[in-house]
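Structural characterization, general
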Amino acid sequence: MSAVSLYARATEGHESRVAHAIAVLQSAASEHAARIVQATSLGAEDMVITDLIARHHLPIAIATLETGKLHAQTLALIPRIEARYGLAVEVYRPVTESVVTFVKKNGERAMYDSIELRKACCAMRKLEPLARMLSGAGAWIAGLRREQSDTRALVPFSEPDERGRIKFNPLADWSWADVWHYIATHDVPYNPLHDEFMPSIGCEPCTRAIAVGEPFRAGRWWWEDENARECGLHVKDAPVSMIGA
Ligand code: SF4
């Protein structure tokens with residue numbers, strides 16, 4: 001069964017939530033004209049945001065992190081975005097030497113050995129390239145929604161990050177049904193892994209399908225305590241400089 005048929009539902013207020021998300025993006029683009037970036041994970045929410053950016057011709061760069069551990073289905077979305085929208089996707093990768101040294105010392109499966117090693121892997125493969133992506137940007141766009149987890153329940157539409165840049169979350173008040181109703185209505189390309197009960201998709205070793213009734217992010221770093229389950233990209237008290245590369 002496809003994710004569209006499972007989740008897409010027109011609910012009251014959907015159109016006004018779409019209009020509000022467009023207004024957030026428009027004002028973000030005009031306030032931060034020098035450089036503003038959508039840091040896309042290529043997940044369903046981010047595909048909606050890319051569609052909104054393209055549809056409304058907003059001067060916002062589209063960029064993603066290629067960690068070296070993504071599913072082939074996730075990577076395949078990059079050329080699909082470029083073909084569909086005629087937009088270039090900036091791709092940021094970890095430093096090869098850092099990866100080689102880390103894997104030599106800790107092994108390919110280090111993320112399962114301890115939270116510290118898992119966070120070190122995220123710092124090397126995600127946070128350091130993210131810092132390069134956002135260098136020179138006054139603002140960035142993310143796909144966080146309040147409904148995604150308890151730790152995201154208070155996500156605002158915009159907030160300063162630890163470096164003083166503004167992070168915009170235009171879909172903060174959207175439901176999962178909203179996301180999929182938009183995808184269905186506008187025929188937005190999406191990761192086929194969403195059809196396999198993976199609502200939240202990260203790197204291959206750290207993502208699994210969820211069972212009926214499990215929380216939205218239960219398939220991310222499922223072997224860890226719930227409060228540890230963020231990679232640092234959206235944790236305000238874990239700046240890139242403290243986590244280290
Ligand atoms: S999500 Fe997993 S594989 Fe990806 S960077 Fe973090 S620990 Fe490494």
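Scroll up to find the structure this text is about.
The following paragraphs examine the structure supplied in this document. (Residues numbered from 1 in each chain as written. Predicted model: local features only at pLDDT ≥ 70, side-chain atom pairs only at ≥ 80, totals over all residues. Heavy atoms only, no water.)

**Some words on the pattern of salt bridges**
- Inspection of every chain in the model, using the stated rule, returns twelve salt bridges.
- The closest approach of N and O atoms between R165 and D161, which form a salt bridge, is 2.8 Å.
- Here D161 falls in the buried class, since its relative accessible area comes to 10%.
- Here E214 and R208 are joined by a salt bridge, their closest N and O atoms 3.0 Å apart. (Salt bridge = Lys/Arg side-chain N within 4 Å of Asp/Glu carboxyl O. Buried < 20%, exposed > 50% of the residue type's maximum accessible area, 1.4 Å probe, protein only.)

**A short note on the packing of aromatic side chains**
- Tallied over the full model, the rule gives eight aromatic pairs.
- Between Y7 and W180, the aromatic rings sit 6.1 Å apart at their centres with planes inclined by 45°, giving tilted as the arrangement. Of this pair, Y7 sits in helix α1 (residues 3-7) while W180 sits in helix α8 (residues 176-186), and the two are 173 residues apart along the sequence. Summarising the burial analysis for this pair, Y7 and W180 share the class buried.
- Measuring from ring centre to ring centre gives 4.8 Å for W176 and F216, while their planes differ by 85°; the resulting arrangement is edge-to-face. Note that W176 is positioned in helix α8 and F216 in the loop between α8 and α9 (240-243), a separation of 40 residues in sequence.
- Aromatic ring contacts, followed pair by pair, group Y7, W176, W180, Y190 and F216 into a single cluster.
- Its guanidinium or amino end placed over the ring of W221, R118 lies 4.5 Å from that ring's centre, counting from NZ or CZ.
- If you follow R220 out to its NZ or CZ, it ends over the ring of W221, 4.7 Å from the centre. (Phe/Tyr/Trp six-rings, centres within 6.5 Å; stacked < 30°, edge-to-face > 60°. Helix = DSSP H or I, 4+ residues; strand = E, 2+ residues; numbered from the N terminus. Lys NZ or Arg CZ within 6 Å of the ring centre and 35° of its normal.)

**Concerning the site of the ligand**
- The immediate surroundings of the ligand are formed by K69, M111, R118, C121, C122, R125, K126, C203, C206 and W221.
- When the residues that make up the shell around the ligand are grouped by side-chain class, the tally is six nonpolar, no polar and four charged. (Near = heavy atom within 4 Å. Nonpolar A, V, L, I, M, F, W, Y, C, P; charged D, E, K, R; others polar.)

**A word on the environment of K167**
- Summarising the element assignment, K167 is placed in strand β6 (residues 166-168).
- Residue classification places K167 among the buried positions, given a relative accessible area of 4%.
- Expressed as a C-alpha distance, the spacing of K167 and Q38, which sit 129 residues apart in the sequence, is 9.6 Å.

**What about the pairing of strand β2 (residues 61-65)?**
- Counting buried positions over the five residues of β2 gives five, a clear majority of the element.
- Here β2 shows a buried face lined by A61, A63 and L65 and a second buried face lined by I62 and T64.
- Across four bridges, the pairing between strand β1 (residues 36-40) and β2 is parallel. Opposite Q38, over in β2, you have I62 as the bridge partner.
- You can see the chain leave β1, run along helix α3 (residues 44-55) and come back into β2, and the turn it takes is right-handed.
- With four bridges connecting them, β2 and strand β3 (residues 89-92) associate as parallel partners. Each residue of the ladder has a partner; that of A63, found in β3, is E90. (Pairing = 2+ DSSP bridges. Right-handed = clockwise from strand over helix to strand, strands pointing away.)

**A short note on α3**
- In this model, α3 (twelve residues) spans 16 Å end to end at C-alpha, consistent with the 16 Å of a helix rising 1.5 Å per residue.
- Every buried residue of α3 is accounted for by A44, E45, D46, M47, V48, I49, T50, D51, L52, I53 and A54.
- The inward-facing, buried residues of α3 contact α2 (14-31), β1, β2, α5 (77-85), β4 (139-141) and α8.
- Looking one or two residues beyond α3, the residue adopting positive phi is H57, at roughly 50°. (Expected span 1.5 Å × (residues − 1). Contact = heavy atoms within 4.5 Å.)

That's the geometry; what it means functionally is another story.
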